[in-house]
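# Structural characterization, general
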Amino acid sequence: MTADRSAARGVERRSREGAARVLPAKRVAAGPARPAVPAPARKETRTRRSGPLGGPRRLHDRLQAAWDRPLTAYYLILGGSLLITVLGLVMVYSASMIQALRYGYPSTYYFRKQLLAAAIGTVLLISAARMPVKLHRALAYPLLLGAVFLMCLVQVPGIGETVNGNTNWISLGGPFQLQPSEFGKLALVLWGADLLARKSDKNLLIQWKHLLVPLVPVTFMVLGLIMLGGDMGTTIILTAILFGLLWLAGAPTRLFVGVLSGAAFLAFLAIKTSPNRMSRLGCIAASDPGTNDQCWQAVHGIYALASGGWFGSGLGASMEKWGELPEPHTDFIFAVTGEELGLAGTLSVLALFAALGYAGIRVAGRTEDPFVRFAAGGVTTWITAQAVINIGAVLGLLPIAGVPLPLFSYGGSALLPTMFAIGLLISFARSEPGARAALAVRGPGVMSRTMRRFVKGRPSGKR
């Protein structure tokens, strides 16, 4: 009896084991056919989708899509210039308050003048952004003739005024002065762009004489008027604008090198014959004020940057502006920015200028209108070169040229034409085919839509 039970249990156990061996085979056969993929291949596919490089690649794709949008240049120019101007107003107030008190003025004296200039410049910016390209071209010759006339008046005794050794100013009564050479930059950009565009339409720029005449002689005439007053910094910027226009016009290398060699020779003579300019050249990378404190400003600019650290000593807490650093609110406002806002503040300013320069190059590169290409390239060269010269002098990498930081330093004569030039770039960015269509699709702004919904939802009879 016991043997029979043991035999029955053995048969049942063997039957269950057989069923267990057959059951997986039946399930595999009954399921849908799946391609045989080796385990390493499946692991590689998952790594590509969710590996450590998946996130950066998706971020790169999103950034690339954002850069390629039609309104990218428009927002960069508008937002970048606005941030630079607002931050400049803050730093002008902080850097100039001690000097204003030293001269017996209220602490907000320079800030109020800069704020007034910024308000007028905003009107000019909006006007330039709304102007059609034909009107910009129509302003080229009147603006050039007016700037030349004013620069001639500067040299008339009793009319021109001398500031810091340079006779480049005209008094407008009271505390207001005008520097015509600043408007000469804008005049050269518009006139040179219109001249080259008309010659490009007639296919004349393939001849070297049409590239040079009358662009180079007129530019040298303007440079001569500015050099009569001793303003070497503005001369360098106008020369950079000339080279930028020639490069955009497709000047051959031989012609470009020839003009550059002539300009370098004239610059050498201008520096060699002036002890003041020679002393400035010797202050590059100076770490000591030297004999007679000839490098005082350059050295104290480095001191201000060095004492700022990562995040600065705090807004308004600069020590160099208490009489140690000359021109803290004009030529060396970048040094005060580095002392009060630190490396983070200076890098932010550099990033804003880099974004503005990129947007200008993008506008010049994507347009099919020759005038827009030359004008946008000229404005971008002007602002970028002036920023590089100013910041390079503060860092001790370039000689002190006495030029303000665009949109940032104190000075209404420099701020007004620069803001008009920013309006030009905004107008050109808006006139791109893709940007024009995107602006049309976007419709009214957020404030307009909100107010319209509020008016529709308001009960009748209530105001």
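An account of the accompanying structure is given in this report. (Residues numbered from 1 in each chain as written. Predicted model: local features only at pLDDT ≥ 70, side-chain atom pairs only at ≥ 80, totals over all residues. Heavy atoms only, no water.)

We now examine the overall build of the protein. Across its full length, the protein carries 19 helices and three strands. Pairs at least 24 residues apart make up 70% of the contacts formed inside the protein by residues separated by at least 6 positions. Carbon and sulfur atoms provide 65% of the accessible area of the protein, an area that totals close to 25,200 Å². (Helix = DSSP H or I, 4+ residues; strand = E, 2+ residues; numbered from the N terminus. Contact = heavy atoms within 4.5 Å. Areas by Shrake-Rupley, 256 points an atom, 1.4 Å probe, with all protein chains shown as cover.)

Time to look at a nonpolar patch on the surface. Taken together, the side chains of Phe220, Phe265, Leu266, Phe268 and Leu269 present a nonpolar region at the surface, about 480 Å² in accessible area. Looking at the nonpolar patch, the element that brings in the most residues is helix H12 (residues 253-272), giving four residues. With a relative accessible area of 44%, Leu266 lands in the partly exposed category. (Patch = residues over 30% accessible without salt bridge, like charges linked within 9 Å, V, L, I, M, F, W, Y side chains within 5 Å. Salt bridge = Lys/Arg side-chain N within 4 Å of Asp/Glu carboxyl O. Buried < 20%, exposed > 50% of the residue type's maximum accessible area, 1.4 Å probe, protein only.)

Once that is clear, we can look at the state of the cysteines. One pass over the full model with this rule turns up one disulfide. Two residues, Cys283 and Cys295, share a disulfide whose sulfurs are 2.1 Å apart. The sign of the -85° torsion about the S-S bond sets the Cys283-Cys295 disulfide as left-handed. With Cys283 in the loop between helix H13 (275-281) and helix H14 (296-306) and Cys295 in the loop between H13 and H14, this residue pair connects regions lying 12 residues apart in the sequence. Here the two residues Cys283 and Cys295 agree in accessibility, since each one is buried. (Disulfide = S-S within 2.5 Å.)

To continue, consider the pattern of salt bridges. Counted according to the given criterion, the structure contains four salt bridges. A salt bridge links Arg137 to Asp194, with the nearest nitrogen and oxygen atoms 2.8 Å apart. With Arg137 in helix H6 (residues 133-138) and Asp194 in helix H8 (residues 180-201), this residue pair connects regions lying 57 residues apart in the sequence. Asp194 sits in the buried class, given a relative accessible area of 5%. Taken together, the shared-partner salt bridges connect Arg137, Asp194 and Arg198 into one network.

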